[in-house]
Amino acid sequence: MKIVLAITGASGAVYAQRVLAFLRKTNHQVEIIASRNGTQIYQQEVGASLKEWDYKIYANDDFTAPFASGSAQYDLLAIIPCSTGTLSRIATGISDDLVTRTADVFLKERRKIILVPRETPFSSIHLENMLKLSNLGVVILPANPSFYSKPKNLVEAVDTVTARILDHMGIQHDLKIRYGQDC
């Protein structure tokens, strides 16, 4: 599978980090887009550079990325975390940077998109935009950890969301977060 993972300026870079850690264990082709704010927040929250992953990283103004065109055969776009500003631009068809252009391409080509907003509370505008995108087939997967698995630390709580993201990506994982599963 060919995956584009975008990182925007919302808090929650640890979700991108954990998903990338699992993707590293696979044979899937992964390419990264990071907005300027996404790169800064990743550094602040994770304490590392995105370059640690050895994936091709595209600047958010680099429209030469192959997935900026519908003729390129990419399978999935995941925006982790997805700022509500990015979500709103996608919902209204504004493709003024590589993240939103890629989403625009994936929408028109009817390819899978997963958005992981990390915001609270949501305004009515946010909710209307999420509904609009959901009606277009976009998976809206807010970064809301679950607690029935009794996470013992922050990473385990984060992984309750990471597992759901991986599930929707179709990526096998060994995270024990299923409801009713002996965690």
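Located above this text is the structure these notes cover.
Moving on to the overall build of the chain. Helix and strand counts for the chain come out as six helices and six strands. Traced from its N-terminal end to its C-terminal end, the chain shows the element sequence β-α-β-α-β-β-α-α-β-α-β-α. Radius of gyration (C-alpha) of the chain: 16 Å, near the 16 Å computed for a compact globule of 183 residues. C-alpha atoms of the chain, sized along the principal axes, occupy 45 × 40 × 30 Å. Burial statistics for the chain: of 183 residues in total, 49% are counted as buried. In the chain, of all internal contacts separated by at least 6 residues, the share reaching a separation of at least 24 is 75%. For the chain, the distance from the average position of its 20 positive side-chain charges to the average position of its 18 negative side-chain charges is 3 Å.

Take the packing of aromatic side chains next. In total, this model carries two aromatic pairs according to the counting rule given. Both rings, one in Y58 and one in F67, keep their centres 5.1 Å apart while their planes meet at 85°; by these two values the pair is edge-to-face. Taken individually, Y58 and F67 each receive the classification buried, so the pair is uniform in this respect. Aromatic side chains F67 and Y74 sit 5.3 Å apart centroid to centroid with 80° between the ring planes, which places their arrangement in the edge-to-face category. F67 gets classed as buried once you look at its relative accessible area, which sits at 1%. Residue Y74 is classed as buried on the basis of its relative accessible area, which comes to 5%. A network of ring pairs unites the aromatic residues Y58, F67 and Y74 as a single cluster. The residue whose ring lies beneath K56 is Y58, and the NZ or CZ to ring-centre distance is 4.9 Å.

On to the sheet that holds strand β1 (residues 2-7). Taken together, the six strands give an open sheet; going across it, the order is β3-β2-β1-β4-β5-β6, and neighbouring strands pair in parallel fashion. Of all strands in the sheet, those with a lone pairing partner are β3 (56-59) and β6 (139-140), marking the two edges. With five bridges joining them, strand β4 (residues 76-82) and strand β5 (residues 112-117) adopt parallel strand pairing. Paired with I79 across the strands is L115, a residue of β5.

Cut-offs applied
Residues numbered from 1 in each chain as written. Predicted model: local features only at pLDDT ≥ 70, side-chain atom pairs only at ≥ 80, totals over all residues. Heavy atoms only, no water. Helix = DSSP H or I, 4+ residues; strand = E, 2+ residues; numbered from the N terminus. Rg over C-alpha atoms; globule rule 2.2 N^0.38 Å. Buried < 20%, exposed > 50% of the residue type's maximum accessible area, 1.4 Å probe, protein only. Contact = heavy atoms within 4.5 Å. Lys, Arg positive; Asp, Glu negative; His and termini not counted. Charge placed at Lys NZ, Arg CZ, Asp CG, Glu CD. Phe/Tyr/Trp six-rings, centres within 6.5 Å; stacked < 30°, edge-to-face > 60°. Lys NZ or Arg CZ within 6 Å of the ring centre and 35° of its normal. Pairing = 2+ DSSP bridges.

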